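# An overview of the molecular structure
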Amino acid sequence: MTDADPTGPEDAPRTDPASEPAPESADEDLVFLDDAAPEDALGNGPEDGAAAGEAPGSRWTMLIVDDEPEVHAITKLVLSDFAFKGRKARFLSAHSAAEARRILARESDIALILLDVVMETEDAGLRLVHHIREELQNRNVRIILRTGQPGQAPERAVILDYDINDYKAKTQLTAQQLFTTTVAALRSYEDLVAIDANRRGLEKIIEASSSLFRARSMKLFAAGVLTQLSGLLGVGPDAILCVQRGGAGRRGSSNQPVEAATGNGLYVLAGSGRFEDLINEPAAGHVDPAVLAAVTACLEKRAHVFAGDHCTLYIRTPNDRETVVYLRSNRPLSELDRKLIEVFCGKISVGFDNLHHYEQLYRAQQGTLAALADLAERGRGALTADGPAKEGAACTEMGADAAEDGTGGDRFSRSVRIAAITERIARRLHADALFADTLDEPTLEIIGLAAILHDIGNAAVNPAILSKPGPLDAAERSAMQAHTLAGASLLNQASHLADGPTHLHLGAAVARWHHENWDGTGYPDGRTGTAIPLCARIVAVADAYDAMTRDRPYRPALGRDHAVEEIRRLAGLRFDPAVVDAFLAVLPEIDLPRSAAGPAT
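Note that the coordinates shown come from a computational prediction; the quantities given were computed from them, not determined experimentally. (Residues numbered from 1 in each chain as written. Predicted model: local features only at pLDDT ≥ 70, side-chain atom pairs only at ≥ 80, totals over all residues. Heavy atoms only, no water.)

### With respect to the overall build of the protein chain
Within the protein chain, the secondary structure is distributed over 20 helices and 13 strands. With an accessible surface of roughly 27,600 Å², the protein chain has 52% of that area assigned to carbon and sulfur atoms. (Helix = DSSP H or I, 4+ residues; strand = E, 2+ residues; numbered from the N terminus. Areas by Shrake-Rupley, 256 points an atom, 1.4 Å probe, with all protein chains shown as cover.)

### A word on the sheet that holds strand 6 (residues 166–169)
Paired through their backbone hydrogen bonds, the strands of a sheet run either parallel or antiparallel. Taken in spatial order, the six strands make up an open sheet running 2-3-1-4-5-6, and their pairing is mixed. Of all the strands in the sheet, the pair left with one neighbour each is strand 2 (83–84) and strand 6. Note: strand 2 against strand 3 (residues 87–94), two bridges, orientation antiparallel. In the sheet register, phenylalanine 84 faces strand 3, and the bridge partner there is arginine 87. Relative to strand 3, helix 3 (residues 97–106) is tilted by about 135°, and along the sheet it contacts strand 1 (60–65), strand 3 and strand 4 (110–116). Lying over the sheet, helix 4 (residues 124–135) contacts strand 1, strand 4 and strand 5 (142–147), oriented at roughly 175° with respect to strand 5. (Pairing = 2+ DSSP bridges. Contact = heavy atoms within 4.5 Å. Axes fitted to C-alpha atoms, helices over the stretch in contact; angles between N-to-C directions.)

### Thoughts on unusual backbone geometry
Backbone torsion omega between tyrosine 523 and proline 524 reads 10°, so that peptide bond is classified as cis. With respect to the helices and strands, proline 524 occurs in the loop between helix 17 (503–513) and helix 18 (534–548). Here glutamine 137, not a glycine, exhibits a phi torsion of approximately 55°, which is positive. Residue position: glutamine 137 is located in the loop between helix 4 and strand 5. A positive phi angle is found at phenylalanine 435, which is not glycine, with a value near 55°. Mapped onto the elements of the fold, phenylalanine 435 is located in the loop between helix 12 (411–431) and helix 13 (441–452). Exposure remark for phenylalanine 435: the relative accessible area of 27% places this residue in the partly exposed category. (Buried < 20%, exposed > 50% of the residue type's maximum accessible area, 1.4 Å probe, protein only.)

### Overview of the nonpolar core
Counting residues in each nonpolar core, the largest one holds 40 residues, and the members touching the most others are Ile425, Ile538, Val541, Tyr545, Ile567, Phe575 and Phe583. Take this core: its biggest share by element is 11 residues, from helix 18. Those residues in contact with isoleucine 538, other than ones at most four positions away along the chain, are Thr422, Ile425, Ala426, Leu429, Ile447 and Val579. (Core = buried A, V, L, I, M, F, W, Y, C linked by side-chain atoms within 4.5 Å.)

### Quick word on the sheet that holds strand 10 (residues 310–316)
Here five strands make up an open sheet; going across it, the order is 8-7-11-10-9 and the pairing antiparallel. Two strands in the sheet have a free side with no partner beyond their single neighbour: strand 8 (266–272) and strand 9 (305–306). Bridge count between strand 7 (residues 239–244) and strand 11 (residues 322–328): five bridges; the pairing is antiparallel. Bridging from a neighbouring strand, isoleucine 240 pairs with tyrosine 326 of strand 11.

### Let's talk about the packing of aromatic side chains
Evaluation of the coordinates by the stated rule reveals four aromatic pairs. A ring pair is formed by phenylalanine 275 and tyrosine 326, whose centres lie 6.1 Å apart and whose planes are at 85°; its orientation type is edge-to-face. With phenylalanine 275 in the loop between strand 8 and helix 8 (289–301) and tyrosine 326 in strand 11, this residue pair connects regions lying 51 residues apart in the sequence. The exposure class of phenylalanine 275 is buried, given its relative accessible area of 1%. A residue is classified by how much of its surface remains accessible, and tyrosine 326, at 3% relative accessible area, is buried. If you follow arginine 87 out to its NZ or CZ, it ends over the ring of tryptophan 60, 3.8 Å from the centre. (Phe/Tyr/Trp six-rings, centres within 6.5 Å; stacked < 30°, edge-to-face > 60°. Lys NZ or Arg CZ within 6 Å of the ring centre and 35° of its normal.)

### Description of the side chain of histidine 131
On the secondary structure map, histidine 131 appears in helix 4. Only 3.0 Å separates the side chain of histidine 131 from the side chain of glutamate 135, close enough to count as a polar contact. (Polar contact = N/O pair within 3.5 Å; in protein donor to acceptor, adjacent residues only side chain to side chain.)

### Considerations on the side chain of aspartate 238
Within the element layout of this structure, aspartate 238 appears in the loop between helix 7 (218–233) and strand 7. Residues in contact with aspartate 238, not counting those within four places in the same chain, are Ser272, Gly273, Arg274, Phe275, Tyr326, Leu327 and Arg328.

### Things to note about the pairing of strand 10
For strand 10, a buried count of six out of seven residues is recorded, marking the element as mostly surrounded by other parts of the structure. In this sheet, strand 10 lies alongside strand 9 in antiparallel orientation, the contact comprising two bridges. Note that in strand 10 the partner of valine 305 across the bridge is threonine 312. Remark: three residues form the turn of the hairpin made by strand 9 and strand 10, two consecutive strands paired antiparallel. Here strand 10 runs beside strand 11; their pairing, made up of seven bridges, is antiparallel. Across the sheet, histidine 310 pairs through a bridge with arginine 328, a residue of strand 11. Adjacent in sequence and paired antiparallel, strand 10 and strand 11 are bridged by five residues, among which aspartate 320 carries a positive phi angle near 65°.

### Some words on the pairing of strand 4
Counting buried positions along strand 4 yields seven of seven residues, so the element is predominantly enclosed. Direction of pairing for strand 1 relative to strand 4: parallel, over a ladder of five bridges. Looking across to strand 4, one finds that valine 65 is bridged to leucine 115.

### Concerning the environment of isoleucine 315
Within the element layout of this structure, isoleucine 315 appears in strand 10. Through-space distance from the C-alpha of isoleucine 315 to that of cysteine 345 is 6.2 Å; in sequence the pair is 30 residues apart. Ignoring sequence-local partners within four residues, the contact set of isoleucine 315 consists of Arg321, Glu322, Thr323, Val325, Cys345, Ile348, Ser349 and Phe352.

### Things to note about helix 2 (residues 69–78)
Among the 10 residues that make up helix 2, seven are buried, leaving the element largely enclosed by the rest of the structure. If you check which residues of helix 2 are buried, you get Val71, His72, Ala73, Ile74, Thr75, Lys76 and Val78.

Rendered as structure tokens:
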């Protein structure tokens, strides 16, 4: 019998060739003349020069800040046919420093400011420069000071004291000089923007890589890759990540390669947007034919493919695992975007191999622990030269779980199943922000392994007691309850070989206290409430549910609904009510069929 059962007897801008036409006016004609064309003839709207329906960034945005209306008019006249690298000018006008501040607060793509020094005050322009550089922290916009009163702000002092890019007297600025100065400033602005974009892109890659490599699940890692790529490029949300099932295409693999026409062999590891519901599905028959064709074409070429409305990214790991990411985009990707993709994909490719190795090691560790727990619960004589005993006297010593089918063959999967339920409950508690001090990420990663070891102390119990179909007498019950102390002692000794916390440290607490009751009526120490370690309280619910829904020597399996109601009834008596609530929340995810070979992934 088992005490876990409460019913017993007792888990980009375009890069067209540079076009730099000289203005039609004579090179040395002065720009600012008294007989200039009236401003009304040129227009002075807030977005002068921008055509309706143009995409953002299709023109160079220039802000003219001057309290003389004629200056605005003449500047726009001289630069009316200005074009640099295929982009014309878009003019914004401010007639005071205060108005300029308002425009700067709402406009984020101003490339050049033509700024007067003396406006509402003698130093209004200089104060605006300080506001732009120090308060707005805008280091990219190019600032050209123009003044009609050079004596008010001497050039040498201004150049040294303020972060400006040029200083011109209005009476000396010709049309050609204005054109040359503007082109030089825009070249500088473009370079600074590119450097800043590269820096921010690399920062995102470093940040993304750090967060991704903290993942311990291949699916979480893959979902993170999609999220980070979409954020890095500013595209989405439709994205999908496909891998070859079984690692087809790797050196030494016996699997068939992906069939280009059908995509057979591919499955969806992660998806977002309209692809979110396809996770874990085969790509063939579920992914749109056009998307599937793009993915398989990328695999065939073994290279990134960039189209106008999407891109497919080929990621090959050091161990030759092949992955393809499909990203939907509403714009062509710039050369900078493509370079960032190269860096990002190269950096995270090793992550897929690392996660695969981690999962394989975890599963091997899980299998080893389950096998040891199985042998411990079977008792003496359970292991023969041909493997676990299945008949005769050894069968009578296998314990209550083995007796349900006469072979004990399901005990191994039972350990893995309890581990999965335990982990699901723990992660639900974590998601609900409960027990934050106890359920950190390292604990969540090992609590399932610890749960496998909950009854390891049964190795010290007489097998005849374990397999007894009826009630135990006082001496037998005392011997049975001693398995908690025996298991804890064994695991405590083993845990000394490793620096904590490990699944052995956690397993020792589970083994000793998973039969304690919330109301203090359990054993071996009669602990109550939160004095019982949380890991033991979680395993108690997982173990009890599994025990109730399986056949026992003294009664058939309870129905699922009956078992759930029994656990609900015992909340606050035997079980922690918060743990029971988390169990009920994850119940739809729990794999109920007895034929299940392990936890759902």
